[in-house]
Amino acid sequence: MSGTGILACALFASTAAAAPFSHRVHLKLKPDCTSCHTTVAHSTRAEDNNLPSPAVCKPWQQSASTPEPPKTLLAHYGHAKHLQLGNVGPVIAKAIDSGQYLSPPGDIRQHLNSSNPCLACHRGMETSEAVNRANLPQMADCLVCHNKIELPFSCEQCHGAGAKLRPADHPPEFLESHSRPDAKFDKTTCAVCHGRRFRCLGCH
């Protein structure tokens, strides 16, 4: 996870609110995502607004207003650089098939056979009737390639200052409560932040 900035979209899912927009219908009209999201080819920051402009929508008699982009978790990410890699769907699929994907994959695997490179990370868009968390990348997607984790130093390689990275099941008193005999945690979910080789004795 060290090196160039990454992991941006992977955590957007926790902050993006659902919006009434049918990607399913629009992908039938324009199967190339970049024909509407025209700025992604040059986007170098996670906070860039890559939503379609009113000029893109007007010819299709859509609303001329451009919605606000979803709030992000302050990460270093560039669509432009990642689009140069081509379709990363097969790479993520291989990680899932080999058991190296660092989160429970759910139904992700079935969406990774598309030839559309955008759908490798923004999965399910072809059936989506509203913009929601399920269509945004997971942190485990990024960690398929950016897999060197050296806590706490590696966090800042990708996440900017001020990013709220504490998981929902980590309350302020977590440092004390997580070591109690009656504490119950799904340790399989710890690997996304702490790495697959994480052991309790690494900190204690």
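Residues numbered from 1 in each chain as written. Predicted model: local features only at pLDDT ≥ 70, side-chain atom pairs only at ≥ 80, totals over all residues. Heavy atoms only, no water.

### Comments concerning the overall build of the chain
1) Next: A tally of regular secondary structure across the chain gives 8 helices and 0 strands.
2) Next: Start at the N end of the chain and walk to the C end: the helices and strands fall as α-α-α-α-α-α-α-α.
3) Next: Counted over contacts in the chain with a minimum sequence separation of 6, partners at least 24 positions apart contribute 70%.
4) Next: For the chain, the exposed area adds up to about 12,900 Å²; of that, 59% sits on carbon and sulfur atoms. (Helix = DSSP H or I, 4+ residues; strand = E, 2+ residues; numbered from the N terminus. Contact = heavy atoms within 4.5 Å. Areas by Shrake-Rupley, 256 points an atom, 1.4 Å probe, with all protein chains shown as cover.)

### A word on the confidence of the model for the chain
1) Next: Predicted confidence across the chain gives a mean pLDDT of 76, with 79% of residues reaching 70 or more.
2) Next: Element-level pLDDT for the chain is lowest in helix α6 (residues 155-158), with a mean of 76, against a maximum mean of 95 in helix α4 (residues 89-97).
3) Next: With pLDDT under 50 throughout, residues 1-17 is counted as low confidence; its partners more than four residues away or in other chains account for 67 contacts. (pLDDT = per-residue confidence, 0-100.)

### Here's the deal with the nonpolar core
Soluble, globular proteins show a tendency: their nonpolar side chains are buried together.
1) Next: If you look at the biggest cluster of nonpolar residues, it comprises 9 residues: I92, A93, A95, I96, Y101, I108, L112, A140 and V144.
2) Next: At 4 residues, α4 tops the list of elements feeding residues into this core.
3) Next: In contact with L112, other than residues within four places in its own chain, are G89, P90, I92, A93, I96, A120 and R123. (Core = buried A, V, L, I, M, F, W, Y, C linked by side-chain atoms within 4.5 Å. Buried < 20%, exposed > 50% of the residue type's maximum accessible area, 1.4 Å probe, protein only.)

### Some words on the pattern of salt bridges
1) Next: One pass over the structure, following the stated rule, counts 4 salt bridges.
2) Next: Between D48 and R45 there is a salt bridge, with its nearest N and O atoms 2.8 Å apart.
3) Next: With relative accessibility at 45%, the residue R45 sits in the partly exposed group. (Salt bridge = Lys/Arg side-chain N within 4 Å of Asp/Glu carboxyl O.)

### Quick word on α4
1) Next: Among all positions of α4, only G89, I92, A93, A95 and I96 are buried. Down the axis of α4, the sector holding all buried residues measures 160°, keeping them to one side. For α4, exposure combined with an orientation more than 90 degrees from the buried face picks out P90, K94 and D97.
2) Next: Buried residues along α4 sit in contact with α5 (139-142).
3) Next: Phi turns positive, to about 80°, at G99, one or two residues after α4. (Arc of directions from axis to C-beta.)

### Regarding the side chain of N135
1) Next: Inspection of the secondary structure puts N135 in the loop between α4 and α5.
2) Next: Not counting residues within four places of it along the chain, the set of residues in contact with N135 comprises C121, H122, R123, G124, M125, S128 and A130.

### Re the environment of C193
1) Next: If you trace the backbone, C193 turns up in helix α8 (residues 191-194).
2) Next: As a C-alpha pair, C193 and L165 span 28 residues in sequence and 9.4 Å in three-dimensional space.
3) Next: With residues up to four places along the chain from it excluded, the contact list for C193 reads I149 and L151.

### What about the environment of M125?
1) Next: With respect to the helices, strands and loops of the structure, M125 is situated in the loop between α4 and α5.
2) Next: C-alpha of M125 to C-alpha of H23: the two residues are 102 residues apart in sequence and 5.5 Å apart in space.
3) Next: Among all residues touching M125, those that are not within four sequence positions of it are H23, R24, L27, L119 and N135.

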